[in-house]
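Below are the chains, spelled out letter by letter.
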Amino acid sequence: MIRKFDRRDRRVLTFPAVHPCEGISPATLLASLIDLSGYICSFQSTFFATQRRNAREAIRQIGILLMFFEEIRDRELVLSDSVVLCFSELHLAFQKIQFLLEDCTREGARVWILMKSQFVATQFRVLIRTIATALDVLPVNSIDVSAEAKDLFELVAKQARRSKFELDSDDETAMKQVLSILNQFESGVLTEQSAMELVLDHLNIQSWGECNKEVRFLEEEISSECSGCEERGVPLLSSLMGFMSYCRATMFETFDYRNLHQTDGGCSADTLGCLNPEDFRCPISLELMIDPVTVSTGQTYDRPSIQKWLKSGNLICPKTGEKLTNSQLVPNSALRNVIHQFCAENGIFLGKSKKKNRDITKTTVAGSLAAAEAMKFLAEFLTTRLTFGVLEQKNKAAYEIRLLAKSSIFNRACLVEAGAAPPLLNLLASSDPSTQENAISALLKLSKHAHGKKAIVEKGGLRRILAVLKRGLKLESRQIAAATLFYLASVGEYRKLIGETPGAIPALVRLIEDGKPCGKKNAVVAIFGLLLLPENHRRVLVAGAVPPLIGLLNSSERSDLMTDSLAVLASLAETFDGSIAIHENSGLPLITKNLCSTTSRVEKEYSVSILLSMCTNGGMEVTGSLSTDPSVLASLYSLVTDGTSQGSKKARSLIRILHKFQERRSSNFMASTVPQDQFVHVW
């Protein structure tokens, strides 16, 4: 079989064609040539924004050859070795033409192909010349086909030799127009709208959605360039993305954002700060694990690294030095999900090719001067629309900000500097659910920037965000408001301000009780951020946070919710009242069960932290209960060996407490039963 490629896994304007193997049967090769030719001919009805003449001519010539191949197949002719060799060269060239046609019609790639017009035209010319060479040496007279078929063959061979396949003059004019626009952006000059319209008309980009596809494609290409350490193309890609982003926001008044797949507003809060990304690195390669697997010793490594280790003849565990009982690699799907979630939420992109990671910190500056100036113009335009536009214009502007600030620190800075935060805050009081959602989501993105936090709080934004958290028109708006509070709580003075604001923490607790999984998560991590201020511990307890947090431990909801809930409970348990609240709400059996049953090291360590605090804060009943459960000690010993330094330390401390309890009981230093009123609830 001749290998086929998934176009989604191939970078644009790359041609990973494969030469048919030497032993391929003539019938198989001919059948594949016919299939390939038929696929190329199917592009006859496809729209080409650029390279129209070159594409049409290439398709026409291959269509004629298709008839020649089909006659050979229908006559079941025997092909000589020399004919098979020529057909193999044609197959290779046809594959590359297929890739070229796919790229010329690829969704979202119109402006990029336009800027590569000279290269694309050259590729058409080179490939047709390759076909001409193969046809010249093909011994057509040795093939018993009809005279008409031979005439068709000679016709194509002659045309392939003479075809020029030059750069289309209209494409060249449009390309120069784009370069002129980019040069004006670099000079800080705003191009006339009519010049931009000429480019969009040439590319047949007639709607907001089509323009948005161009932006998304360019963004993906920039990400691929950076993750692949091939950043030479980033300046042009960034300039084009700035240009198309400006066009998207200013050239199209109407758009249907509701049909777009939303990934930025549902569950936006970061992974809890106490998760250490160093735990996600492979002990061998020291890179983030993309495909973590566990060996027989219980240690986890990235699959490619441990496979290379084993193939080198090593039969011991690299980390512990223990002998491996087998070479089986068990996928650690739980850790894999945590890593991928962590990376997604922190702007770290894991490439399929396992190349260098690109994180969002690289976007503190624009990819080019043209992109920077375009963004500044766009930030001013959107801020003006937010302030003086009609409702639909304000809604669209808020959504544009939501998109622009999603993955670029530079964009956030421009928008904050342009004064986008105050009019966005005003939109939170809108009676239109979509406008409110777009506004709070845009503010969420801006709250990730240091100056954005300041602009939001100093303009009285906290009160308005809390109003959305309590009475948002959509549940999605409420959960985005909780995520926004999480980012604001990263500043010490704002953490205090949120905690002191009446109703803030109770509203987060209500979202834990009745929100969707993403809303629950946002509320939990927001509370965790507030608990970094000791004064807020009592407020969280008074708001009744412990029962719903414990409820998450006993639910079938997302596993990361359990992890986050344990983290908050571990923080609350550090105080005497927190330990009492957990005990009184029947948290002990659930936390003990989680310690003994979970496969997550992070959850084990949080559970140990909670149990240690409960024992330390006067919980003799807790200590007595734990000391009678043999599975607890087994789990603690396991954590001493496999846990982090902090986790191992806490596990050892809890082991000592349990041993002392058992020694005292056996020595009659304590009663055989522990009074049920050992915990005294003091407020």
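Figured I'd write up the structure that's included with this text.

For the chain, the count of helices and strands is 32 helices and three strands. The burial tally for the chain puts 53% of its 683 residues in the buried class. For the chain, restricting intrachain contacts to residue pairs at least 6 apart in sequence, the fraction spanning at least 24 positions comes to 73%. Surface accessibility of the chain: about 30,800 Å² in total, with carbon and sulfur atoms responsible for 52%.

Right, let's talk about the side chain of Ser 607 for a bit. Relative to the assigned elements, Ser 607 resides in helix H29 (residues 601–616). Accessibility expressed as a relative area gives 0% for Ser 607, which makes it buried. Side chain to side chain, Ser 607 and Asn 594 meet in a polar contact 2.9 Å long.

Moving on, we get to helix H24 (residues 535–542). Residues Asn 536, His 537, Val 540 and Leu 541 constitute the buried set of H24. One side of H24 carries all its buried residues, which in axial view fall inside an arc of 140°. Within two residues after H24, Gly 544 carries a phi angle of roughly 80°, on the positive side.

In space, the three strands of this open sheet follow the order E2-E1-E3, with antiparallel pairing throughout. A single partner strand is all that each edge strand has here, and the edge strands are strand E2 (300–302) and strand E3 (330–331). Sheet topology note: the strand E1 (residues 292–294)/E2 ladder contains three bridges and is antiparallel. Residue Pro 292 lies in a different strand from E2, and its bridge partner there is Asp 302. Running at roughly 95° to E2, helix H11 (residues 303–311) makes contact with E1, E2 and E3 of the sheet.

The set of residues buried in helix H18 (residues 450–458) consists of Gly 452, Lys 453, Ile 456 and Val 457. Around the axis of H18, the buried residues are gathered within 120° of arc, so they sit on the same side. Of the exposed residues in H18, the ones pointing more than 90 degrees away from its buried face are Ala 450, His 451 and Glu 458. Where the residues of H18 are buried, they touch helix H15 (409–417), helix H16 (421–427), helix H17 (433–446), helix H19 (461–471), helix H20 (475–488) and helix H21 (492–500). Positive backbone phi, approximately 75°, marks Gly 460, located one or two places after H18.

Tracing the backbone shows Glu 192 in the loop between helix H7 (169–186) and helix H8 (193–203). When the C-alpha atoms of Glu 192 and Ile 181 are compared, they prove to be 8.9 Å apart, with eleven residues separating the residues in sequence.

All right, on to the packing of aromatic side chains then. To describe a pair of aromatic rings, one takes the distance between the centres and the angle between the planes. This structure, assessed with the given rule, holds ten aromatic pairs. Ring plane angle 40° and centroid distance 5.1 Å describe the contact between Phe 68 and Phe 153, whose orientation is recorded as tilted. Taken together, the positions of Phe 68 in helix H2 (residues 52–75) and Phe 153 in helix H6 (residues 147–162) put the pair 85 residues apart, joining distant regions of the chain. Like Phe 153, Phe 68 is buried.

On to the packing of H8 against helix H10 (residues 234–250). Orientation of H8 relative to H10, taken along the N-to-C sense of each, is 100°, at an axis distance of 11 Å. Between H8 and H10, the crossing angle belongs to the class labelled roughly perpendicular. Contact residues: H8 offers Met 196, Val 199 and Leu 200, while H10 offers Phe 243, Met 244, Tyr 246 and Cys 247. The residue makeup of the contact of H8 with H10, split by class, is seven nonpolar, no polar and no charged.

Side chains of Lys 649, Arg 652, Arg 656, Lys 660 and Arg 664 sit close together on the surface and give a patch of like positive charge. Topologically, Lys 649 is positioned in helix H32 (residues 645–666).

Even without being glycine, Phe 165 reaches a positive phi, approximately 50°. For Phe 165, the position within the fold is in the loop between H6 and H7. Here the phi dihedral of Ser 586 falls at roughly 60°; this positive angle occurs in a residue that is not glycine. Tracing the backbone through its elements, the reader meets Ser 586 in the loop between helix H27 (576–584) and helix H28 (587–597). Judged by relative accessible area, which is 47%, Ser 586 ranks as partly exposed.

The rules behind each value
Residues numbered from 1 in each chain as written. Predicted model: local features only at pLDDT ≥ 70, side-chain atom pairs only at ≥ 80, totals over all residues. Heavy atoms only, no water. Helix = DSSP H or I, 4+ residues; strand = E, 2+ residues; numbered from the N terminus. Buried < 20%, exposed > 50% of the residue type's maximum accessible area, 1.4 Å probe, protein only. Contact = heavy atoms within 4.5 Å. Areas by Shrake-Rupley, 256 points an atom, 1.4 Å probe, with all protein chains shown as cover. Polar contact = N/O pair within 3.5 Å; in protein donor to acceptor, adjacent residues only side chain to side chain. Arc of directions from axis to C-beta. Pairing = 2+ DSSP bridges. Axes fitted to C-alpha atoms, helices over the stretch in contact; angles between N-to-C directions. Phe/Tyr/Trp six-rings, centres within 6.5 Å; stacked < 30°, edge-to-face > 60°. Parallel < 35°, antiparallel > 145°, perpendicular 65-115°, else oblique. Nonpolar A, V, L, I, M, F, W, Y, C, P; charged D, E, K, R; others polar. Patch = residues over 30% accessible without salt bridge, like charges linked within 9 Å, V, L, I, M, F, W, Y side chains within 5 Å. Salt bridge = Lys/Arg side-chain N within 4 Å of Asp/Glu carboxyl O. Lys, Arg positive; Asp, Glu negative; His and termini not counted. Charge placed at Lys NZ, Arg CZ, Asp CG, Glu CD.

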